[in-house]
Each structure stands twice: as structure tokens, then as C-alpha cells.
Amino acid sequence: MMTSPKIIAGNWKMNGTAAFLKECLSYWQGLDLIHDLVICPPFTLLTEANKNIHLSKVSLGAQDCHQKPLGAFTGNISADQVKETGCSHVIIGHSERRQYHGENNDLVKVKAETAILSGLKPIICVGENLAEREQGSALEVLKNQIEECLPKSPEFLIAYEPVWAIGTGKAASLKDIEEVHSFLRRLIGPYIPLLYGGSVTLENYKEILLTNNVDGVLVGGASLKKEDFGRMLCDQ
Ligand code: 13P
């Protein structure tokens, strides 16, 4: 069954070259896209990516931005600078930022507010870790993340990314995705897009997109496979 148009976001993390990006964009934009693509390469590729985006169904996202609008923060990138590259979106609070850069809910909220002020749509990531899932406290953890991370303005998306499903090849079951997404839907209301992320592949993306309250997917590893990702965008 063909799914209605959804958001397919590709998070390249710390991967990719300018040449590969150009090749992917030209390949994907030559296809008959059903879904909306948000491609999120590393900062260094954003300007080049923007030059090579020619379709309204394709937009650009960064993987992070700083919480302050500008200043003496060596090595960081501001939301305005991200916006200037041509981005419409920015991933905020990815579990890898939380794990390796000590980002907590309070910081995620400030970053999301800053991004919105700069005219970007944050894709705010939430998700429980394995111990929390095994203890049966996943929904409680998610409720807390939602309460603490969300900005006042509704100009954002949520990505549910269970930490134990990221890069492990073990996506959450459809039952778990459905349970969490309907729980999140009740918390955030009907209009905020809800994406699922964590080991989404060509094999499982269709049934995930057909799950209730799933408005799209946030794809890591499989977004670096040009043909596979292209087939996801075309719903093949
Ligand atoms: P994988 O699709 O590689 O599991 O990564 C998911 C992710 O972290 C997307 O942000």
C-alpha cells in the first residue's frame, strides 16, 4: 500500500564528502519523490548542499546549533549562521549530543527557542535508553523530556529515537512505536509532526510510516545509501 506523503529526514552525522553529497542530491532529485526530504549533512557541507537543492520537496537541515545567538564560543555554530546557509531545519537534542556533549533537557529547550527565533524548525529528539525501557519507565522518561524540552512556539517537530535502537540494527517494534507515538500525540496535540528514528531501513520503513501517528522518519545509516534512501523517498 502506498503511504500518504511523509517527512523523510536523513541525518548524516559525521559522515559524507562534498562530492558524495552532490551525487546524492542529483540522484534523489531526479527521482519521482513522493515524500518530503530533509537532508542533514555536516555543517561543512550545508552551503554546497543548498546550491544543489532544486526541488521544493527537498530541504536542508543542520545537526545542531548553539544556544546563544552569537559570541565567544570557539568551534560552535549559531542558529543564524545555520539559517544563512539555507537551512530550514535543525536537529536538536539528538541522543549522541546528549551522550557525548552532556546536553540536557534544559539546554535542548534553550537551543530549540534560539533556533525558532532564527527562523529554523527544530527537530527535537527524545527517547529512552535501554535500562529505562527494561525498567518499564520509558513513557515516564518521555513525558519528562517533553515537559522540559519543548519551546513555547509550536514551530517544531519531534523525533522519537529510542537510544537502544540507534545504529544497532534493532528498530523498535511497530507496537512500541504506536504506543509511544500515540502517547506523545496526546501530550503535544494534533499538529506537531512526529518522526520515528532508530535503525530505519529499506526493509522496515514502509510499515513504520503506516503506523498511527507517525508523520515521518529520521534515518541515520540508511540515508548514506544513495539507492536505498532514494527508494524510501519514492515509496518503492
Ligand atoms: P540509525 O538509522 O543509523 O539507527 O540512526 C538513527 C539516528 O540517530 C537518526 O538521527
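Scroll up to find the structure.
Residues numbered from 1 in each chain as written. Predicted model: local features only at pLDDT ≥ 70, side-chain atom pairs only at ≥ 80, totals over all residues. Heavy atoms only, no water.

Draft legend 1. Structural view of the environment of Asn-52. Along the polypeptide, Asn-52 turns up in the loop between helix H2 (46–51) and strand E3 (58–62). Distance in space between the C-alpha atoms of Asn-52 and Leu-25 is 6.8 Å, their sequence separation being 27 residues. Setting aside its immediate chain neighbours within four residues, Asn-52 contacts Lys-22, Leu-25 and Gln-29. (Helix = DSSP H or I, 4+ residues; strand = E, 2+ residues; numbered from the N terminus. Contact = heavy atoms within 4.5 Å.)

Draft legend 2. Structural detail: the environment of Val-141. Following the sequence through the fold, Val-141 ends up in helix H7 (residues 138–149). Owing to a relative accessible area of 18%, Val-141 belongs among the buried residues under this scheme. The sequence separation of Val-141 and Tyr-27 amounts to 114 residues, and the corresponding C-alpha distance is 40 Å. When sequence neighbours within four positions are dropped, the list of residues in contact with Val-141 reads Glu-128 and Glu-132. (Buried < 20%, exposed > 50% of the residue type's maximum accessible area, 1.4 Å probe, protein only.)

Draft legend 3. Structural detail: the packing of aromatic side chains. Following the criterion strictly, the structure yields four aromatic pairs and no others. Relative to Phe-20, the ring of Trp-12 lies with its centre 5.3 Å away and its plane at 25 degrees, an arrangement referred to as stacked. Since its relative accessible area comes to 22%, Phe-20 is described here as partly exposed. Here a set of aromatic residues connected by ring pairs shows up, and it is made of Trp-12, Phe-20, Trp-28 and Phe-229. Positioned above the aromatic ring of Tyr-27, the side-chain terminus of Lys-226 is 5.2 Å from the ring centre. (Phe/Tyr/Trp six-rings, centres within 6.5 Å; stacked < 30°, edge-to-face > 60°. Lys NZ or Arg CZ within 6 Å of the ring centre and 35° of its normal.)

Draft legend 4. Local environment of the pairing of strand E5 (residues 121–126). For E5, a buried count of five out of six residues is recorded, marking the element as mostly surrounded by other parts of the structure. Across four bridges, E5 lies against strand E6 (residues 157–160) in parallel orientation. Across the sheet, residue Ile-123 finds its bridge partner in E6, namely Leu-157. (Pairing = 2+ DSSP bridges.)

Draft legend 5. Just the pattern of salt bridges, in detail. Per the counting criterion, the structure on display carries 13 salt bridges. Between Glu-128 and Arg-133 there is a salt bridge, with its nearest N and O atoms 2.8 Å apart. Taking the shortest distance from any N to any O, the salt bridge between Asp-215 and Arg-185 comes out at 2.8 Å. Here Asp-215, found in the loop between helix H9 (205–209) and strand E8 (216–219), pairs with Arg-185, found in helix H8 (residues 174–188); they are 30 residues apart in sequence, far enough to count as distant. One continuous salt-bridge network, built from bridges that share partners, spans Asp-64, Arg-97, Glu-103 and Lys-111. (Salt bridge = Lys/Arg side-chain N within 4 Å of Asp/Glu carboxyl O.)

Draft legend 6. Representation of unusual backbone geometry within the structure. Of note, Lys-13 is a non-glycine position whose phi angle comes to about 50 degrees, a positive value. Relative to the helices and strands, Lys-13 is located in the loop between strand E1 (7–11) and helix H1 (18–29). Using a relative accessible area of 22% as the deciding quantity, one classes Lys-13 as partly exposed. Backbone geometry at Ser-199 places phi at a positive 55 degrees, although glycine is not the residue there. Within the secondary structure layout, Ser-199 lies in the loop between strand E7 (194–197) and H9. The class of Ser-199 is buried, set by a relative accessible area of 14%.

Draft legend 7. Fine view of the nonpolar core. Grouped together as the largest cluster of nonpolar side chains are 59 residues, with contacts concentrated most on Trp-28 and Ile-158. A per-element tally of this core places H8 first, with five residues. Beyond its immediate stretch of four places on either side in the chain, Ile-158 contacts Ile-124, Val-126, Ile-146, Leu-150, Ile-188, Ile-192, Pro-193, Leu-194 and Leu-195. Among the nonpolar cores identified, the runner-up in size contains eleven residues, and Val-38, Ile-91, Cys-125 and Leu-195 belong to it. (Core = buried A, V, L, I, M, F, W, Y, C linked by side-chain atoms within 4.5 Å.)

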